[in-house]
2 protein chains.
Amino acid sequence: MQHLPASFFLQMAAILLACRVVGWVGRKIGQPQVVGEMIAGVLLGPSLFGYFFPTQSAQLFTADTRGMLFIGSQLGVGLYMFLVGMEFKTELFRSRVRSAASVSIAGMVVPFILGALLAPWLIKIPGLFSPTTKVYEAGLFMGAAIAITAFPMLARIIYERGLSGTSLGTLALAAGAIDDAAAWCVLAIVLASFSGDSKMAIIAIAGGTLFAGLMLTVGKKLLAKLGTIAEREGKVNPTLMAIILMLFCLSAWFTDTIGIHTVFGGFILGIAMPRGVITQDLTKKLEPFTVIFLLPMFFTYSGLNTRLAVVFQPSMMLVAIAILVASMVGKGVACWAAARLTGEDNRTALAVGALMNSRGLMELIIINIGLQKGVIGSGLFAILVIMAVVTTLMASPIFEYVYGRHARKAGALGLGGIDG
Amino acid sequence: MQHLPASFFLQMAAILLACRVVGWVGRKIGQPQVVGEMIAGVLLGPSLFGYFFPTQSAQLFTADTRGMLFIGSQLGVGLYMFLVGMEFKTELFRSRVRSAASVSIAGMVVPFILGALLAPWLIKIPGLFSPTTKVYEAGLFMGAAIAITAFPMLARIIYERGLSGTSLGTLALAAGAIDDAAAWCVLAIVLASFSGDSKMAIIAIAGGTLFAGLMLTVGKKLLAKLGTIAEREGKVNPTLMAIILMLFCLSAWFTDTIGIHTVFGGFILGIAMPRGVITQDLTKKLEPFTVIFLLPMFFTYSGLNTRLAVVFQPSMMLVAIAILVASMVGKGVACWAAARLTGEDNRTALAVGALMNSRGLMELIIINIGLQKGVIGSGLFAILVIMAVVTTLMASPIFEYVYGRHARKAGALGLGGIDG
């Protein structure tokens, strides 16, 4: 155990350095920090660092410290999904539910149709899915992977550009939130079904439904009391924060134990939290460490599992192109068309399409769960990493081109960089 | 790997619960939260939970999750020492160096004399020291263990009670800071010497001196630039925070690699940091998660190593009593006497003695390092845990009795509870 701390701290220093350097390069060309960190993770893995420096890579990422990276990742994405859950504004559904409905339905239905169409073909290609994955599971998984949006990034872009009150902002936020919630539900069903054992599947589905149902009714009412304490004191005191972190750990433990994933526990707890001082102060106290220290562990853990070399074969290239096109059509084009059909002008519709098309960190979370639970193989994983990076890379330039520069000319847009 | 996250989150929920419940009981009887957490850690270990529920204990604290606990502990105390380092005010030495000198010298010289006197006796008793520990190493270790003060707790009591500008506050802070710095230096020397291999010892001493020297001169100047950025922006931006966390990891890695300990890296980096917006904002962003989530991991890790049963033998009881008396005389009585001799009134002198006598978390850190590096055995470890808890438990009631209630009557004292 003697040298474990030294290995851990050296590894973390390397990860933080890579994430910041690549993030800095990305920001120079107008990309959000998260894109840089996604790419940094891949570069630290067997696709670059591990390929050219196999000895150094094995020394830096030892079996022991990989275990730490795994748990740090789980804690990081769990806390991050908790923070994302707290950002969910249920009022959005009520206030703009009609105008957002068509965009969100388009961004949900089209991906699942495309997923269903692709699945029978993809499942026959070795290395994409696990041999035990059934066609409908493959279809649902592909649908969820295409339907997911970088909701937290989208929320941040809208907030930072001062678009929160605008038609574009409300539309994209509400549609993104509905689609992400739907994609997570579908993933939970896939995981439950994939567990094979029908008893396990029932535990997963019934347990997950019960957990969400209880948390969003009784749990929400009980949590409201914690909110009242925070409002009265004007802050989240240490005891309150410890209680909430304990509830977070229990939620993560429960959802992992019933066979879905720790992130669901964090996410649902976040949604059930009362809004106000409590969410603001918790975000202030948890977000910096989560985003700056823990999430890079996740990006690296994910990157260590990414073997881009697998994709450089003619058959795989074809699959990659098909999935990339399906993803852009299923999300970007579908959402743009739906926004146009409900009367939005072309510029707003294009901006909504670009934002909804961006997958970001959320895609990485979903596909890492798929890989970890054995639903997908390393080939499909690598292809979906590329899809996540490409669609996220596209978002900022398209948004800037079709919407940002015009709005900024009209003085309606902040100058703050996109980060997330 | 599948069930590792579930075990980790369940373990964390149990730890957070135990720390809060025992902390709450402690606060009810006027004790700071840290005392409750120190005791909670011991109760979770083989002294209570593990003794009465061995099966459940083995299920909750598996070998895998213990590894996580170890690394989480290292990260927690490392970050905590970094925060403590940032609280160090070098001005204190200058402004009150003369009046504080006698108290700090008394609180340093007497413990080391007592350590030297106890060592030849203690080293003969099996289970207290490692067979390879030399008498002078044992003496120095005992001296450091007696000389250490709960500096962060002391600083918080003084700050929360509004005593920062008073004679008592400045005196205790300056003396505590000097003594703690001295105790850490001595510990570094013990570890360097204990490494046996003279080449290792030279690397440790030369490396540690070089590191501290460079960090507090060149490093300090370079870090000042980061401080300027934070002042200009009025906050620590994500890039700045990532750079500082990276430097923290590098410092922790370096000091661990040369054979001293990760905490030195964090602590010295903290001292070298520029003061102002940067330290305030970093503390705001790092302290809650460190203190509320990571430190309980340390208390539990430490508690899992504590076998109080070892102490319940006549020969060990005698050792325990001797060490307890030596600790109180060497620190509490010595500092009280020194304060009296330099003209402080008896009430202030008693309050200084009680505060300086409290060991808190710092003692646990020092003895865990001693145990981990093999300098001391589990018997002495358990005795020193008792010493740390008892001296910390004593501090608040004595302080309240001799100083607090009088000062509060005179309106000079806040009502805020002691925490930390």
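Conventions used here
Residues numbered from 1 in each chain as written. Chains lettered and ligands numbered in written order. Predicted model: local features only at pLDDT ≥ 70, side-chain atom pairs only at ≥ 80, totals over all residues. Helix = DSSP H or I, 4+ residues; strand = E, 2+ residues; numbered from the N terminus. Rg over C-alpha atoms; globule rule 2.2 N^0.38 Å. Buried ≥ 20, exposed ≤ 12 C-beta atoms within 10 Å, placed from the backbone. Contact = placed C-beta atoms within 7 Å. Nonpolar A, V, L, I, M, F, W, Y, C, P; charged D, E, K, R; others polar. pLDDT = per-residue confidence, 0-100. Axes fitted to C-alpha atoms, helices over the stretch in contact; angles between N-to-C directions. Left-handed = near helix turned anticlockwise from the far one by under 90°. Parallel < 35°, antiparallel > 145°, perpendicular 65-115°, else oblique. Expected span 1.5 Å × (residues − 1). Core = buried A, V, L, I, M, F, W, Y, C linked by C-beta atoms within 7 Å. Least-squares fit on C-alpha atoms with pLDDT ≥ 70 in both.

(A) Expanded view of the overall build of chain A. Each helix and strand counted, chain A has 17 helices and zero strands in total. Against the compact-globule benchmark of 22 Å for 420 residues, chain A has a radius of gyration of 21 Å, which places it among compact chains. By residue count, 58% of the 420 residues in chain A fall in the buried class. Put simply, 80% of the contacts in chain A that link residues at least 6 apart link residues at least 24 apart.

(B) Quick look at the interface of chain B and chain A. Facing the 36 residues of chain B at the interface are 36 residues of chain A. Breaking the side of chain B that touches chain A down by element, the ones donating at least two residues are helix H1 (4–28), helix H5 (63–87), helix H11 (238–257) and helix H13 (277–304) of chain B. Considering each element in turn, the side of chain B that touches chain A owes the most residues, twelve residues, to H11 of chain B. When grouped by side-chain class, the residues that make up the side of chain B that touches chain A number 28 nonpolar, five polar and three charged.

(C) Structural context of the confidence of the model for chain A. All names here are of chain A. On average, residues of chain A score 86 in pLDDT, and 93% of them are at 70 or above. Taking the mean pLDDT of every element in chain A, the minimum, 74, falls on helix H8 (residues 151–160) and the maximum, 95, on helix H11 (residues 238–257). Long-range and interchain partners of residues 414–420, a stretch whose pLDDT sits below 50, account for 19 contacts in this model, where long-range means more than four residues apart. Scoring of the predicted complex yields 0.87 for pTM and 0.87 for ipTM.

(D) Just the packing of helix H9 (residues 167–194) of chain A against helix H15 (residues 346–357) of chain A, in detail. All names here are of chain A. Here H9 crosses H15 at 35°, and the two axes come no closer than 10 Å. The two elements H9 and H15 meet at a crossing, and its hand is right-handed. Judged by residue contacts, Ser 167, Leu 168, Leu 171, Ala 172, Ala 175 and Gly 176 of H9 engage Thr 348, Ala 351, Val 352, Leu 355 and Met 356 from H15. Its residues assigned to classes, the contact of H9 with H15 shows eight nonpolar, three polar and no charged.

(E) Molecular detail of the packing of H1 of chain B against H13 of chain B. Residue and element names in this part refer to chain B. One way to put it is that H1 packs onto H13 with a least axis distance of 10 Å and a crossing angle of 90°. Accordingly, the angle class assigned to the pair H1 and H13 is roughly perpendicular. Here Ile 15, Leu 16 and Cys 19 of H1 lie close against H13, whose contacting residues are Pro 296, Met 297, Phe 299 and Thr 300. When the residues that make up the contact of H1 with H13 are grouped by side-chain class, the tally is six nonpolar, one polar and no charged.

(F) Focus on helix H15 (residues 346–357) of chain B. All names here are of chain B. With twelve residues, H15 should cover 16 Å at 1.5 Å per step; its first-to-last C-alpha distance of 16 Å lies within 8% of that length. Counting buried positions along H15 yields ten of twelve residues, so the element is predominantly enclosed. Every buried residue of H15 is accounted for by Thr 348, Ala 349, Leu 350, Ala 351, Val 352, Gly 353, Ala 354, Leu 355, Met 356 and Asn 357.

(G) Region of the structure containing the environment of Val 333 of chain B. Residue and element names in this part refer to chain B. Counting through the fold element by element, Val 333 comes out in helix H14 (residues 314–341). As a C-alpha pair, Val 333 and Met 356 span 23 residues in sequence and 9.5 Å in three-dimensional space. Those residues in contact with Val 333 that sit more than four places away from it in its chain are Met 328 and Gly 353.

(H) Spotlight on the nonpolar core. Ranked by internal contacts, the top residues of the largest apolar core, which has 323 residues, are Ala 144 and Val 352 of chain A together with Ala 144 and Val 352 of chain B. With near-sequence residues (within four places) excluded, Val 352 of chain A lies in contact with Val 103, Leu 168, Leu 171, Ala 172, Cys 335, Trp 336 and Ala 339 of chain A.

(I) Main features of the relation of the copies chain B and chain A. When chain B is fitted onto chain A, the two copies agree to an RMSD of 0.0 Å after a turn of 180° and an axial shift of 0.0 Å. Here the symmetry operator amounts to a two-fold rotation axis. Within chain B, the C-alpha atom positioned nearest to the axis of rotation is that of Lys 285 of chain B, 2.8 Å from it. The share of interface residues of chain B whose copies in chain A are also at the interface is 100%, consistent with both copies meeting through the same surface.

(J) Layout of the environment of Phe 88 of chain A. Residues and elements named next belong to chain A. Within the secondary structure, Phe 88 sits in the loop between helix H5 (63–87) and helix H6 (90–122). Along the sequence, Phe 88 and Leu 308 sit 220 residues apart, while their C-alpha atoms lie 34 Å from each other. Contact partners of Phe 88, with chain neighbours within four places excluded, come to Ala 177 and Ile 271.

(K) Representation of the environment of Gln 74 of chain B in the model. Along the chain, Gln 74 of chain B falls in helix H5. When the C-alpha atoms of Gln 74 of chain B and Gly 115 of chain B are compared, they prove to be 27 Å apart, with 41 residues separating the residues in sequence. Dropping the residues within four chain positions of it, Gln 74 of chain B is found in contact with Pro 5 of chain A together with Thr 262 of chain B.

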